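# Architecture and fold: a report
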Amino acid sequence: MSMKALLWLLLGVLLPAPWVVHADDDVMGRARARGTFIVAAAPAPDQLPQSARDDAGQYVGFDVDVANAIGKRLGLPVRFISPGWDKVLAGDWQGQWDFAVASITPTEAREKTLVFPAVYRFDAAALVVRKNDGSIERPADASGKSIGVRKDTTFESYLRRTLVIYGNPNVVTYLIDDPQIKTFPDREDVVQALIDKRVDAIVTSLGIAEHDIQAGAPLRIVQGFLFFEPVAVAVAKGDPAFAKIISETVRALRADGTLTALSEKWFGIDVAGIVP
């Protein structure tokens, strides 16, 4: 099956979740009153090409450009904050930020605390090893070996064989048997554990792994993707009107080619434009 066919198959199960109203909360009105959107992004210090801070402290990356494009389309500038991964996923944001563009994969568990109105790209999960390690040439070669992942991610779920891509477990093919799973709080810790030979391999985002290698990390991406996952804008529960606004805005950005242009800028390929 081609990559594009698989992405369309995944999209077949991306049905909009019911937008449950828990309390009156006019996110759009609040943003207009303050004159800016506050957006949660860059949960980790450096996740390029998704997001990071440059030497001047400014946020840069694909997610950042997407958030800015959403703000521009809605007539407001964007101010970014980094509340941390756990706080973003916990939901109940108490109005501290308006939406999140932070490479979040929708899952059934995360839908209990957040609403995902718009998928804006797909991500590929990859197995990464040390550059000079020739013992792992395909994912199956990592069976039984120690593999590092960031805790509470879809990468960990994949290794534990509990990953569900939006209610469709048949999409996932598990290629690694009986891994010795070692979890870390931050992505940087995962990468460093591999470099320091504390694990034999890691599972991470393809785009991030490619950036690490381009930046000089002595790593190598094992041929063959583990799985593809959707990445979506997240909003808090309680404001279905705002969720609809975000959905329609992202569709417009896809239709006019903005998402494709940003994807090609940061990833070198279109990982956004083919999402309907």
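Each remark here, short or long, concerns the structure printed above.
Residues numbered from 1 in each chain as written. Predicted model: local features only at pLDDT ≥ 70, side-chain atom pairs only at ≥ 80, totals over all residues. Heavy atoms only, no water.

Axis angle and axis distance: for two packed helices, these are the angle between their axes and the distance between the axes, and together they describe the pair. At a closest axis distance of 9 Å, the pairing of helix α3 (residues 62-73) and helix α9 (residues 258-267) adopts a crossing angle of 160°. Taken together, the axis directions place α3 and α9 in an arrangement best described as roughly antiparallel. With respect to the hand of their crossing, α3 and α9 are arranged in right-handed fashion. Across the interface between the two elements, F62, D65, V66 and A69 of α3 pack against T258, L259, L262, S263, K265, W266 and F267 of α9. The residue makeup of the contact of α3 with α9, split by class, is seven nonpolar, two polar and two charged. (Axes fitted to C-alpha atoms, helices over the stretch in contact; angles between N-to-C directions. Helix = DSSP H or I, 4+ residues; strand = E, 2+ residues; numbered from the N terminus. Parallel < 35°, antiparallel > 145°, perpendicular 65-115°, else oblique. Left-handed = near helix turned anticlockwise from the far one by under 90°. Contact = heavy atoms within 4.5 Å. Nonpolar A, V, L, I, M, F, W, Y, C, P; charged D, E, K, R; others polar.)

We now examine the packing of aromatic side chains. Tallied over the full model, the rule gives 11 aromatic pairs. The interplanar angle of 25° and the centroid separation of 6.0 Å between the aromatic rings of F62 and Y120 together place this pair among those described as stacked. Taken as a pair, F62 in helix α3 and Y120 in strand β7 (residues 114-130) lie far apart in primary sequence, 58 residues in all. Looking at F62, the relative accessible area reads 0%, which means it is buried. We classify Y120 as buried; its relative accessible area is 0%. By the ring-pair criterion, three or more aromatic residues cluster together here, those being F155, Y158, Y174 and F227. (Phe/Tyr/Trp six-rings, centres within 6.5 Å; stacked < 30°, edge-to-face > 60°. Buried < 20%, exposed > 50% of the residue type's maximum accessible area, 1.4 Å probe, protein only.)

Let us now look at empty space enclosed by the protein. One water molecule sets the probe size; rolling that probe over the atoms shows where empty space is left. Scanning the model with the defined rule gives three cavities of 30 Å³ or more in all. If you go around the largest cavity, you meet 24 residues; those closest to its centre are Q47, W85, S103, T153 and F155. Where the lining of the largest cavity is concerned, the elements lending two or more residues are β6 (99-104), β7, β8 (146-150), α5 (154-159), α6 (187-195), β10 (201-205) and β12 (227-236). Counting residues per element, the lining of the largest cavity draws most heavily on β10, at four residues. Along the lines of polarity and charge, the residues of the lining of the largest cavity split into 10 nonpolar, eight polar and six charged. (1 Å grid on protein atoms, 1.4 Å probe; cavity = no way out; pocket = protein on both sides within 12 Å on 5 of 7 lines; lining within 4 Å. Points joined across faces, edges and corners; volume = space filled by probe spheres on them.)

Coordinates in, geometry out; function isn't part of it.
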